[in-house]
Amino acid sequence: MEKLYQKAIEAYLNSYSPYSHFGVGAALLMKDGMIISGTNIENASYGLSNCAERTALFSAYTLGYKKEDIVKMLIVANTPGPVSPCGACRQVISELVGPEVPIVLSNLAKVEKIVKAKDLLPFAFSNEDL
Ligand code: THU
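Residues numbered from 1 in each chain as written. Predicted model: local features only at pLDDT ≥ 70, side-chain atom pairs only at ≥ 80, totals over all residues. Heavy atoms only, no water.

A.B. asks: Which residues make up the site of the ligand, and what values do they have?
C.D. replies: As a matter of local geometry, the ligand sits amid S20, F22, V24, N40, E42, C51, A52, E53, S84, P85 and C86. Within the backbone of A52, one N or O atom sits 3.0 Å away from an oxygen atom of the ligand. Between an oxygen atom of the ligand and a side-chain N or O atom of E53, the distance comes to 2.5 Å. Relative to its unbound accessible surface of 370 Å², the ligand loses 79% to contact with the protein. Judged by the proximity of its atoms to the pocket grid, the ligand belongs to the largest pocket. For the shell around the ligand, a count of residues per class yields six nonpolar, three polar and two charged. (Near = heavy atom within 4 Å. Polar contact = N/O pair within 3.5 Å; in protein donor to acceptor, adjacent residues only side chain to side chain. Areas by Shrake-Rupley, 256 points an atom, 1.4 Å probe, with all protein chains shown as cover. 1 Å grid on protein atoms, 1.4 Å probe; cavity = no way out; pocket = protein on both sides within 12 Å on 5 of 7 lines; lining within 4 Å. Sits in = over half its atoms within 2 Å of the grid points. Nonpolar A, V, L, I, M, F, W, Y, C, P; charged D, E, K, R; others polar.)

Below, the structure written as structure tokens:
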């Protein structure tokens, strides 16, 4: 867990967020022990910004990992309590992460709230709705 925090905080420190000044870091622990991190990357065209959670998940899939490979996800920000993932990230997590996978919502002080992926977005839109 210490290593996961280290990687998530490292990603947080690399946040490109000149508009919101709100950095976020995410780190995924994979079954093979690999840790894949992501940060939020903003754009002057605000809507093109990408959240830390999605950056990490898209990187994992880019490297060939699948949802079965994800053991745990950690998300941190400089918030008083555990950071709350946005709706778009909850939707993406609902498809790319297994339902029982623990998502550790936390902050720089390591105040944690641990939820299962499936509990982040009840009644999520899925491929079964298509
Ligand atoms: N952000 C994330 O990266 N993850 C979240 O779960 C919440 C929001 C980013 C998006 C934007 O760059 C900044 O935080 C402020 O909304």
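A.B. asks: Can you tell me about the side chain of S15, naming the residues and giving the values?
C.D. replies: When you line up the elements, S15 lands in the loop between α1 (2–13) and β1 (24–30). The class for S15 is buried, based on a relative accessible area of 18%. Within polar-contact distance, the side chain of S15 engages the side chain of S17 at 2.7 Å. Residues in contact with S15, not counting those within four places in the same chain, are F22, G23, V24, T39 and N40. (Helix = DSSP H or I, 4+ residues; strand = E, 2+ residues; numbered from the N terminus. Buried < 20%, exposed > 50% of the residue type's maximum accessible area, 1.4 Å probe, protein only. Contact = heavy atoms within 4.5 Å.)

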